[in-house]
Amino acid sequence: MEPMRPALATLRLAAPRQAYRPFYQCLHTTAARCATPLPHPSVPGPPPETPTPAATDALDRVARKRRQAGMLQQAQEARTSSKTTTIFKKRFWKDVTVKEADDGFHVYLDSRPVRTPDKEILTVPFSKPQLATAIALEWDLLLSAQQALKTHYIPMTSIAARATDIEAADASGNERIRNDIVKMLLEYLATDTMLCWAPEKVLNESLRDGKTLRNLQEEAAMKIIAYLTTHVWPGVQIKPTLDDSIVPMSQPEMTTEVIHGWCMGLPAYELAGLERAVLASKSLLVGVRLIHEWGEAFANTRKTSNGRRFGIEEAAEASTLEVRWQTGQWGEVEDTHDVEKEDLRRQLGSAIILVGGDSS
């Protein structure tokens, strides 16, 4: 018995041999049925009519535009005439000067001294005239008092106030601020960017000057580790956190104890500078190397060398090695990578100015 043909069949009609082209036509036996619209239970009545623009006179349109422009102008005048806005729109000082006091340098806005968030007069030690000058310069560059409310406009003032707060807390016997900072620094050591290396074997990895990303990371990290284990923490062993594994490895207990004790013994200005350098570079090793190279407290113990010191560029390049590798391969994002690059150098520079002194 011949099987039943499906409802949908495909037939090919042959054309003459000299111009043979296959032709496909779909045949179906389904009866055509029109859709029956049903009323929606939540919408009573027929659908609304299509909206049509109302016929208006040209003079009416002009009058409406004028009324809108007048309302906009009134709103702008109300905002500019506000007393609060007027206070912060312009700076209330003309000249910025640095004056010597009995306890250090003070920065004055006309006759008003710059104060810390605790309303205390900001005092800079006599050994740091460059810090007082930098604070005065950034206040002289402000265009309004409102800008002084944003810390990125006054990086030197904010970091100097932080050091003053640490110094005042230490003098009063309150170690809470110092303990919190050191705890944060040790947390960064557990995920230090200089100790998180790429795997040795990566498929289709590109080379740069014949070196892989792993080679460059090891080279940069070993230079910093060699300096720290020689001049800062002699005999301490520092291991990579990520090395061919996705599970972070903790540092030896002795290493953690030595670094903890060293950070707890830092002077207030060096501790504040180290805090900012670590937060900016995401690396405790880079921050310690930078502070030890420029800190006034280490001027007598620091080994002098004829070569170039570990400065802003070296610290920035070491802490952004992987980012520079990726942007070199895939390109930079405008207004993102370039802004972060300059902001990192600004943060590291403020730490150097803070910890430096006459004897640095």
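Cut-offs applied
Residues numbered from 1 in each chain as written. Predicted model: local features only at pLDDT ≥ 70, side-chain atom pairs only at ≥ 80, totals over all residues. Heavy atoms only, no water. UniProt positions renumbered as here; feature names shortened; annotations may be inferred. Helix = DSSP H or I, 4+ residues; strand = E, 2+ residues; numbered from the N terminus. Buried < 20%, exposed > 50% of the residue type's maximum accessible area, 1.4 Å probe, protein only. Contact = heavy atoms within 4.5 Å. Areas by Shrake-Rupley, 256 points an atom, 1.4 Å probe, with all protein chains shown as cover. Phe/Tyr/Trp six-rings, centres within 6.5 Å; stacked < 30°, edge-to-face > 60°. Lys NZ or Arg CZ within 6 Å of the ring centre and 35° of its normal. Pairing = 2+ DSSP bridges. Axes fitted to C-alpha atoms, helices over the stretch in contact; angles between N-to-C directions.

- Taking an unreviewed UniProt entry as the reference, the chain is identified by name as F1-ATP synthase assembly protein belonging to Dothidotthia symphoricarpi CBS 119687.
- Entered under Sequence similarities (unreviewed entry) in the UniProt record, the comment concerning the chain runs "Belongs to the ATP12 family."

**Points about the overall build of the chain**
Reasoning step 1: Looking only at helices and strands, one finds 12 helices and five strands in the chain.
Reasoning step 2: Taking all 360 residues of the chain together, 33% fall into the buried category.
Reasoning step 3: The long-range fraction of contacts in the chain, counting pairs at least 24 apart against all pairs at least 6 apart in sequence, stands at 61%.
Reasoning step 4: For the chain, the exposed surface amounts to about 24,000 Å²; the carbon and sulfur share of it is 56%.

**Concerning unusual backbone geometry**
Reasoning step 1: A positive phi angle, near 60°, is found at Asp 110, a position not held by glycine.
Reasoning step 2: Mapped onto the elements of the fold, Asp 110 is located in the loop between strand 4 (105-109) and strand 5 (112-113).
Reasoning step 3: By relative accessible area, Asp 110 is classed as partly exposed at 33%.
Reasoning step 4: Residue Lys 119 is not a glycine yet carries a positive backbone phi of 70°.

**Here we look at the packing of aromatic side chains**
Each pair of aromatic rings is reported with the distance of its centres and the angle of its planes.
Reasoning step 1: Inspection of the entire model under this criterion finds five aromatic pairs.
Reasoning step 2: Residues Phe 92 and Trp 93 carry aromatic rings whose centres are separated by 4.8 Å and whose planes lie at 80° to one another, so their mutual orientation is edge-to-face.
Reasoning step 3: Among the residues examined, Phe 92 registers a relative accessible area of 45% and is labelled partly exposed.
Reasoning step 4: In this structure Trp 93 comes out as buried when scored by relative accessible area, which is 2%.
Reasoning step 5: For the pair Trp 93 and Trp 139, a centre-to-centre distance of 5.6 Å together with 65° between the ring planes defines the contact as edge-to-face. Residue Trp 93 is found in the loop between helix 2 (83-89) and strand 3 (96-100), and its partner Trp 139 is found in helix 3 (residues 129-140); the two are separated by 46 residues along the sequence. For the pair shown, Trp 93 and Trp 139 are each scored as buried.
Reasoning step 6: Aromatic rings pair up to connect Phe 92, Trp 93 and Trp 139 into one cluster.
Reasoning step 7: The ring of Tyr 108 has Lys 99 lying over it, and the distance from NZ or CZ to the ring centre is 4.7 Å.
Reasoning step 8: The ring of Trp 325 has Arg 208 lying over it, and the distance from NZ or CZ to the ring centre is 4.3 Å.

**Quick notes on the sheet that holds strand 5**
Reasoning step 1: Taking strand neighbours across the sheet as the criterion, the three strands line up as 3-4-5 in an open arrangement whose pairing is antiparallel. A strand with exactly one partner marks an edge of an open sheet, and here the two such strands are strand 3 and strand 5.
Reasoning step 2: Sheet analysis places strand 3 next to strand 4, joined by five bridges and oriented antiparallel. Of the residues in strand 4, the one forming a bridge with Glu 100 is Phe 105.
Reasoning step 3: Along the sheet, helix 3 makes contact with strand 3 and strand 4, crossing strand 4 at roughly 10°.

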